[in-house]
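Residue strings, one per chain:
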Amino acid sequence: MSHLHHKISALVDGELHGSARRRAVDHTRHCADCRHELEATLALKRRMAGLSATEPPPDLFASLDGLPRRRLGECSTSAPHRAKLAPVVRKVLVGAGSLSVVVLSLAYVVGAPGETPAERVTPPVDEYTAEFAGDTGLAPLADPAVGALPGDIRPVAQVVSQGGAETVPTSSPISLSTGDDLDAVHALERAVSAPDRVAYEGIRQVQTFDTQPAATLRLEVQHVPGQGTSFDVANGSWHDSTATFVAQREAAAPASLSSAPLDLLLDAYDLSVVSSATILGRSATVIAASRDGVASAEFWVDDQTGLLLRRETYDAGRITRSSGFTELRVTRGAFLRHLPPELEVPPATTLAMTSAPVLNDDGWTCPGALKADFTLTRLDSLQTAGDVMRASYSDGLSSLSLFEQRGRLDASALNGFTPTTMGADEVFVRYGLPTVAVWESADTVYTVVTDASHAVSTTVISGLPHPSPVTSGMSERLVSGLRRIGSFVDPGH
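Residues numbered from 1 in each chain as written. Predicted model: local features only at pLDDT ≥ 70, side-chain atom pairs only at ≥ 80, totals over all residues. Heavy atoms only, no water.

Please clarify how the overall build of the protein chain should be interpreted in this entry.
Counting its regular elements, the protein chain contains 12 helices and 22 strands. Taken across its 493 residues, the protein chain has 46% of its residues classed as buried. Contacts in the protein chain between residues far apart in sequence, at least 24 positions, make up 63% of those at least 6 positions apart. (Helix = DSSP H or I, 4+ residues; strand = E, 2+ residues; numbered from the N terminus. Buried < 20%, exposed > 50% of the residue type's maximum accessible area, 1.4 Å probe, protein only. Contact = heavy atoms within 4.5 Å.)

Explain the packing of aromatic side chains here, please?
Given two aromatic rings, their pairing is described by the distance between the two centres and the angle made by the two planes. Inspection of the entire model under this criterion finds 3 aromatic pairs. Ring centres of Tyr-128 and Phe-403 lie 4.1 Å apart, and the angle between their planes is 5°; this geometry places the pair in the stacked category. Taken as a pair, Tyr-128 in helix H7 (residues 125-136) and Phe-403 in strand E17 (residues 399-406) lie far apart in primary sequence, 275 residues in all. Just as Tyr-128 is buried, Phe-403 falls in that class too. (Phe/Tyr/Trp six-rings, centres within 6.5 Å; stacked < 30°, edge-to-face > 60°.)

How should a negative patch on the surface be read in this particular structure?
There is a patch of like negative charges on the surface, built from Asp-180, Glu-189, Asp-263 and Asp-267. Its place among the elements puts Asp-263 in helix H9 (residues 260-268). (Patch = residues over 30% accessible without salt bridge, like charges linked within 9 Å, V, L, I, M, F, W, Y side chains within 5 Å. Areas by Shrake-Rupley, 256 points an atom, 1.4 Å probe, with all protein chains shown as cover. Salt bridge = Lys/Arg side-chain N within 4 Å of Asp/Glu carboxyl O. Lys, Arg positive; Asp, Glu negative; His and termini not counted. Charge placed at Lys NZ, Arg CZ, Asp CG, Glu CD.)

What's the story with the pairing of strand E5 (residues 215-224) in this structure? I'm lost.
Side-chain positions along a regular strand alternate between the two faces of the sheet. Most of E5 sits inside the fold, with 8 of its 10 residues counted as buried. Across 9 bridges, strand E3 (residues 199-208) lies against E5 in antiparallel orientation. Along E5, the bridge assignment pairs Val-206 with Leu-217. Note that E5 and strand E6 (residues 228-234) share 6 bridges and pair antiparallel. Paired with Gln-222 across the bridge in E6 is Ser-230. (Pairing = 2+ DSSP bridges.)

What is the right way to look at helix H8 (residues 182-193) in this model?
Helical geometry note: an α-helix holds 3.6 residues per turn, so side chains three or four residues apart project in the same direction. Over its 12 residues, H8 extends 17 Å from the first C-alpha to the last, a length consistent with the 16 Å expected when each residue adds 1.5 Å. For H8, the full list of buried residues reads Ala-184, Val-185, Ala-187, Leu-188, Ala-191 and Val-192. Projected onto a plane normal to the axis of H8, the buried residues spread over an arc of 160° and lie on a single side. When the buried face of H8 is taken as reference, the exposed residues oriented beyond 90 degrees from it are Leu-182 and Asp-183. Residue Asp-181 occupies the N-cap position of H8, its side-chain oxygen lying 2.9 Å from the main-chain nitrogen of Asp-183. (Expected span 1.5 Å × (residues − 1). Arc of directions from axis to C-beta. Polar contact = N/O pair within 3.5 Å; in protein donor to acceptor, adjacent residues only side chain to side chain.)

Is there a simple way to think about empty space enclosed by the protein in this case?
Once rolled over the atoms, a probe with the size of a water molecule shows which space is left empty. Counted by the stated rule, this structure contains 4 cavities of 30 Å³ or more. Each pocket or cavity is described by its volume, and for the second largest cavity that value is around 50 Å³. Taken together, Ile-153, Thr-208, Asp-210, Thr-211, Arg-321, Tyr-431, Gly-432, Thr-435, Ala-452, Ser-453 and His-454 make up the full set of residues lining the second largest cavity. Looking at the lining of the second largest cavity, its residues break down into 3 nonpolar, 6 polar and 2 charged. (1 Å grid on protein atoms, 1.4 Å probe; cavity = no way out; pocket = protein on both sides within 12 Å on 5 of 7 lines; lining within 4 Å. Points joined across faces, edges and corners; volume = space filled by probe spheres on them. Nonpolar A, V, L, I, M, F, W, Y, C, P; charged D, E, K, R; others polar.)

Help me understand the confidence of the model for the protein chain, please; the structure alone is not making it clear to me.
Reading predicted coordinates in detail is not appropriate for stretches of low pLDDT. Averaged over all residues, the pLDDT of the protein chain is 74; the fraction at 70 or higher stands at 63%. Throughout residues 158-175 the model reports pLDDT below 50, and contacts reaching past four residues in sequence, or to other chains, amount to 24 contacts. (pLDDT = per-residue confidence, 0-100.)

What is the right way to read H9 from this model?
All of the buried residues in H9 are Leu-262, Leu-264, Leu-265 and Ala-268. An end-on view of H9 places all buried positions within 160° of arc, on one side of the element.

The structure is reproduced here in structure tokens:
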């Protein structure tokens, strides 16, 4: 059985958190050797904290300043360097009149935080957005990830109204029952499988109401089962398109659609049939996804084909986003007029979901769940500018990808991003479809790409690691110094 070793000190110092701490504590309950080492470490820390304060000789720190110090991060096998330092330390210890004063003074000096400069990096946001779009664009219950919306937009939550109420559309009052309606589940199952069966083309209009000003984007969409889907930004007329910008990488694969998003939707929300409607001359069933009787989203499912004709998401009864067809033609024997261009995405290695605890222990952030009922659905290691971890999450209604890269954030190249306060921290945000947020914490650059609303994404991002005030308390500095002294005096450890 493996032992905790260096993690004992991290456990005592409160440096382990979450699942890593729980596993360490559980290990000490069953491992006598690690439990003995933990007790000894705790006893040492209590003794050091209980020593009376004694003023060191005035020239002691000046003398110690001339001692060579091992820098943090230097290889622990540099024996020649420590061999030179060990006699000096021993002479200081023997020559001093008070062992406790010398040890504490020496520990205070060498326990100062070391400099571990990390490389400054700018995350490859375009690659991350392409990766997100390639994996989520095929989901029939979601909006396509189409890049940044045009114009200077800000979340409505940041706009202070100067008298008068904002004119934001609200959903019609509906009476919802708890639990899942079987007819609603069957209707959404048809919507999930419809793109595998039905070819179509049309104009899809996406509107956001949680940004200021509200933004509207029109997309020319063409889909053929077994071939793929193309989205073109449309400027008013059918063939006046400016760019084809996204395509599903695995759209041609048979049975490429899975029921996973619907399963997550069932876990996070109550589904019910609330009404029927007519859209573009087609009869549709309206399905609501709600929590505690409050609608979070509604879906209009075509009764004939099962295609999702319209989708709206809400926050406290206000529409945050609307997406639906303004023109639709169901076709037979169709083929794509042009093959959708493959997005440039970095090579990725999919990791087993069971590796999440190990990744957390190694300093990555891969929790099994995030705030707002987002569940971990996939783990990938990306081979891009440095090793990057990607953890994918979804609540069935929205998707979120968390990218992590070692280094310090260089925000100078984040074009189109706005410094924004989320919680108590500054985050660089680019609002759109999807929204992208970038920040730094503990020498790790975090990038979130999500199609969730502003309110939901803010909630989720606030629960992820953020910078904390740097403190170098006396006890922490002494404990760190004692560890280094131990390694100097005994080069074999």
